[in-house]
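Results of the structural survey
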Amino acid sequence: MIAGVERDGHPILELVLGDITQQDTDAIVNAANSSLLGGGGVDGAIHRAAGPELVARCRLLGGCRTGEAKVTPGFRLAAGWVIHTVGPVWRGGDSGEALLLASCYREALARADEVGARTISFPAISTGMYGYPAVEAAHVAVSTVLVTPTAVEVVKFVCFDRMAFDAYQNAFAELRPTE
Ligand code: AR6
């Protein structure tokens with residue numbers, strides 16, 4: 001953990017530079033596509049690390065709409081659950097992208113609550129192949145998690161590179177409530 005924000009009655013937020021497949025939180029979130037059958041980026045990494053059981057289980061789910069989330073076991077991962085969500089493709093910002101991205105975070109926390117996960121790791125959904133600007137995406141991620149009611153106790157934002165990490169640090173600094 002490199003930085004944390006703690007608030008009464010809300011999850012502790014942590015910021016980590018690393019690989020989400022290595023996180024031992026109860027759940028990790030996958031930035032999937034609507035087929036849920038795998039892809040590149042974090043999706044590919046999670047499927048490789050979880051093993052072929054994951055895609056077999058995903059086949060039973062019938063896909064996932066943008067902004068929604070579905071849960072599977074983590075199979076060979078340290079995390080017990082994978083929560084698959086589909087972020088919006090960035091189309092300039094006027095196509096409801098922020099609302100859809102916020103929905104991904106809310107829906108993922110709702111799935112975590114349903115399976116009793118108390119700790120969860122999120123990647124920077126939509127900021128790779130789907131082109132969502134990192135600074136704006138980090139702001140949506142942190143502000144949404146801060147206001148979403150959940151029994152989750154720890155939320156880790158796992159950044160794969162320094163640029164994402166800096167974006168989250170700025171979002172933490174901007175959104176940290178003044179005590
Ligand atoms: N751990 C943590 N973060 C990672 C990892 C990792 N192992 N690998 C990549 N990232 P992307 P999207 C970061 O493209 O933009 C897939 O093909 C990456 O640096 O994985 O939501 C799906 O199947 C970036 O910051 O997801 C979809 O088709 C962030 O994860 C499409 O890509 C998200 O990048 C989804 O695109």
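Residues numbered from 1 in each chain as written. Predicted model: local features only at pLDDT ≥ 70, side-chain atom pairs only at ≥ 80, totals over all residues. Heavy atoms only, no water.

Regarding unusual backbone geometry
Only a minority of non-glycine residues have a phi that is not negative, and only a minority of peptide bonds are not trans. Counted only if it meets this: A run of H or I in DSSP counts as a helix once it spans at least four residues, and a run of E counts as a strand once it spans at least two, with each numbered from the N terminus. Each residue gets one of three labels from its accessible area relative to the maximum for its type: buried under 20%, exposed over 50%, partly exposed in between, using a 1.4 Å probe on protein chains only.
One non-glycine residue, Leu 36, lies in the positive phi region at around 60 degrees. Residue position: Leu 36 is located in the loop between β3 (27-32) and α1 (41-50). On the basis of relative accessibility, which here comes to 1%, the residue Leu 36 falls in the buried class. A positive phi angle is found at Phe 75, which is not glycine, with a value near 50 degrees. Counting through the fold element by element, Phe 75 comes out in the loop between β4 (69-73) and β5 (81-86).

Concerning the pairing of β3
The line we're drawing: We treat two strands as partners when DSSP finds at least two bridges between them.
Of all six residues in β3, five are buried; the element is thus mostly enclosed. As paired elements, β3 and β5 share six bridges and run parallel to each other. What sits directly across from Ala 27, in β5, is Trp 81.

A closer look at helix α3 (residues 97-115)
Worth spelling out the cut-off: Any helix carries an expected span of 1.5 Å times its number of residues minus one.
Over its 19 residues, α3 extends 27 Å from the first C-alpha to the last, a length consistent with the 27 Å expected when each residue adds 1.5 Å. Considered for burial, the residues of α3 that qualify are Glu 97, Leu 101, Ala 102, Ser 103, Cys 104, Tyr 105, Ala 108, Leu 109, Arg 111 and Ala 112. Backbone geometry just downstream of α3 places Gly 116 in the positive-phi region, at approximately 80 degrees.

Looking at the side chain of Thr 119
Cut-off, in case you're wondering: Working rule for contacts: check all heavy atoms of both residues, and any pair within 4.5 Å makes them a contact.
Take Thr 119: it is sitting in strand β6 (residues 119-122). Sequence-distant contacts of Thr 119, that is, excluding residues within four places in its chain, are made with Thr 25, Asp 26, Ala 27, Val 152 and Val 154.

Some words on the site of the ligand
Just so we agree on the cut-off: If even one non-hydrogen atom of a residue comes within 4 Å of a molecule or strand, that residue is called near it. Under the rule applied, a polar contact is a pair of N or O atoms within 3.5 Å (in protein, one hydrogen donor and one hydrogen acceptor; residues adjacent in sequence only if both atoms are side-chain atoms). Only the protein chains shown count as cover for residues, and the accessible areas themselves come from Shrake-Rupley with a 1.4 Å probe. All residues other than Ala, Val, Leu, Ile, Met, Phe, Trp, Tyr, Cys, Pro, Asp, Glu, Lys and Arg, Gly among them, are scored as polar; the first ten of these are nonpolar and the last four charged.
Around the ligand, the structure places 20 residues, and the nearest of them are Asn 33, Gly 40, Val 42, Asp 43 and Met 129. Contacts to the ligand include Gly 128, whose backbone N or O atom sits 2.8 Å from an oxygen atom. A distance of 3.0 Å is found between an oxygen atom of the ligand and a backbone nitrogen or oxygen belonging to Tyr 130. Coverage of the ligand by the protein amounts to 91% of the 700 Å² it exposes when considered alone. Listing elements by their share of the shell around the ligand, those giving two or more residues are β3 and α1. At four residues, the largest contribution of residues to the shell around the ligand is made by α1. Each residue belonging to the shell around the ligand can be placed in one class, and the counts come to nine nonpolar, nine polar and two charged.

Points about the packing of aromatic side chains
Within a pair of aromatic rings, the relevant descriptors are the distance that separates the centres and the angle that separates the planes. Which entries qualify depends on this criterion: For Phe, Tyr and Trp, rings pair up if their centres lie within 6.5 Å, where Trp contributes its six-membered ring, and each pair is then called stacked (planes under 30 degrees apart), edge-to-face (over 60) or tilted (otherwise).
By the definition in use, this model includes five aromatic pairs. When the ring of Phe 157 is compared with that of Phe 172, the centres are 6.2 Å apart and the planes differ by 70 degrees; the resulting orientation is edge-to-face. With Phe 157 in strand β7 (residues 154-159) and Phe 172 in helix α5 (residues 162-175), this residue pair connects regions lying 15 residues apart in the sequence. Owing to a relative accessible area of 4%, Phe 172 belongs among the buried residues under this scheme. Among the aromatic residues, ring-to-ring pairing joins Tyr 105, Phe 122, Phe 157, Tyr 168 and Phe 172 into one connected group.

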